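Analysis of the macromolecular model
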Amino acid sequence: MGCCAPGRYSDKQLAESGISSATEVDKVIHAPRTTETTKLELKQKFWSWSGDDYDVKDPTGKIYLKVSGKVFTIRDKMILLDASGNKICMIQEKIIGSSINDAQSFQIFTYKPKDRGQESTEKDDGTPVYRYAVVHQKVWNTGNNFGDQYNAYLYDNNEQKEPPLFSAFRETWRWEWDSKVNVFKGDQVVAKNGNLEECEIVAKFGMFDKNWWDNVVDDNSLYGIEMTKDLDPILNVCLAIICDAMKDKADDK
């Protein structure tokens, strides 16, 4: 895969497949796994807990899904909906992490059980929801890596499953807004003790210039997600939302 300067991995080539030892190939949140490199377009700094809705689009401008944010006094949450407005999954802040190395945590819930016999642990306006995955921002990074680290884990009947499915690292270029998040295979990051040169990238998101897109647009600072094939696209959108929500909350402290 090509060599990259330390901490500059957003130019590193995507892995040929997003499958890892932690992948449950037969399970996705909603949409089928990607069959090729997939890009989704989002507006700048759109994640806010203002309650405003916004759309996620493909490079042609077609609505891929909708996001609705709600602010609560204790825990914030977002609802992802399909293009027709049907609920897909819920993202909700988790007050207490799974370990002392968890600075912030968010859970991803679905409206049907992920596993056979799984019990609901939360409700969305009275509707039972089920644990699907959890994302923790780490206090201490794996290996000698700078920038925020976010580990995403699947649940197995409501218990966090090891190893992490993804380990994402934020890198900042010239300006604070010009940051990228690179998503690596979590099992490789653990096995290689954080040596990212030896780990595969499966997704990237952040600010990209207009040449990154297949369509021609006037704006040269689009926020986007790029994924390799064999990934759960909705899960990666959730991860992107959570990483930026965590950064915004940390900046506000």
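Going by the structure above, here's the rest.
So, here's what we can say about the structure. Every chain's residues receive numbers from 1 upward, in the order its sequence appears when written. In keeping with the model being predicted, local features are shown solely for residues with a pLDDT of at least 70 and side-chain atom pairs are shown and tallied solely at 80 or more, while totals for entire chains, interfaces and linings include all residues. Side-chain numbers here rest on the full set of heavy atoms in the structure, without hydrogens or water.

With respect to the overall build of the protein
Scanning the protein for helices and strands turns up 2 helices and 14 strands. Within the span of the protein, comprising 253 residues, buried residues form 55% of the whole. The contact criterion used is simple: two residues touch if any of their non-hydrogen atoms lie within 4.5 Å. Contacts in the protein between residues at least 24 apart in sequence constitute 52% of all its contacts with a sequence separation of at least 6. Of the roughly 12000 Å² of accessible surface on the protein, a fraction of 48% belongs to carbon and sulfur atoms. Each helix is a run of H or I in the DSSP string that is no shorter than four residues. Each strand is a run of E no shorter than two, and both are numbered from the N terminus. Burial classes follow relative accessibility: with a 1.4 Å probe on protein chains only, a residue under 20% of its type's maximum area counts as buried, one over 50% as exposed, and anything between as partly exposed. Here the Shrake-Rupley method, with its probe set to 1.4 Å, supplies the accessible areas, and only the displayed protein chains count as covering residues.

Brief notes about the nonpolar core
Definition of nonpolar core: a set of buried residues of the types Ala, Val, Leu, Ile, Met, Phe, Trp, Tyr and Cys, connected through side-chain atoms within 4.5 Å. Counting residues in hydrophobic clusters, the biggest one holds 47 residues, and the most contacted among them are Leu80, Ile91, Ile108, Phe166, Phe205 and Ile234. With 11 residues, the top contributor of residues to this core is helix H2 (residues 233-252). In this structure, Phe205 is in contact with Ser179, Lys180, Val181, Val183, Tyr223, Gly224, Ile225, Leu239, Ala240 and Cys243, ignoring residues within four places of it in sequence. If you look at the next biggest cluster of nonpolar residues, it comprises 8 residues, including Leu14, Phe184, Leu196 and Cys199.

Observations regarding a nonpolar patch on the surface
Every patch collects residues that have over 30% relative accessible area and no salt bridge, joining them within 9 Å if they carry like charges and within 5 Å if they are nonpolar side chains (Val, Leu, Ile, Met, Phe, Trp, Tyr). Here a salt bridge means any side-chain nitrogen of Lys or Arg lying within 4 Å of a carboxyl oxygen belonging to Asp or Glu. Together, Ile100, Val139 and Trp140 make up an exposed nonpolar region whose accessible area comes to about 370 Å². Structurally, the position occupied by Trp140 is in the loop between strand E8 (127-138) and strand E9 (149-156).

Considering the pattern of salt bridges
Scanning all chains against the criterion turns up 14 salt bridges. The partner of Arg170 in a salt bridge is Asp148, and the shortest N-O contact between them spans 4.0 Å. Here the residue Arg170 occupies a position in strand E11 (residues 166-172), and Asp148 occupies one in the loop between E8 and E9, the gap between them amounting to 22 residues. Take Arg170: its relative accessible area is 6%, and that puts it in the buried class.

Quick look at the side chain of Lys185
Examined against the element boundaries, Lys185 turns out to sit in strand E12 (residues 179-185). A polar contact of 2.9 Å, which involves the side chain of Lys185, links it to the side chain of Glu200. When residues no more than four places from it in sequence are discounted, the contact partners of Lys185 are Ala15, Ser17, Gly18, Ile19, Ser20, Leu165, Glu200 and Val202. For this analysis, a polar contact is any N or O atom pair within 3.5 Å, provided that within protein one partner can donate a hydrogen and the other can accept it, and provided that sequence-adjacent residues contribute only side-chain to side-chain pairs.

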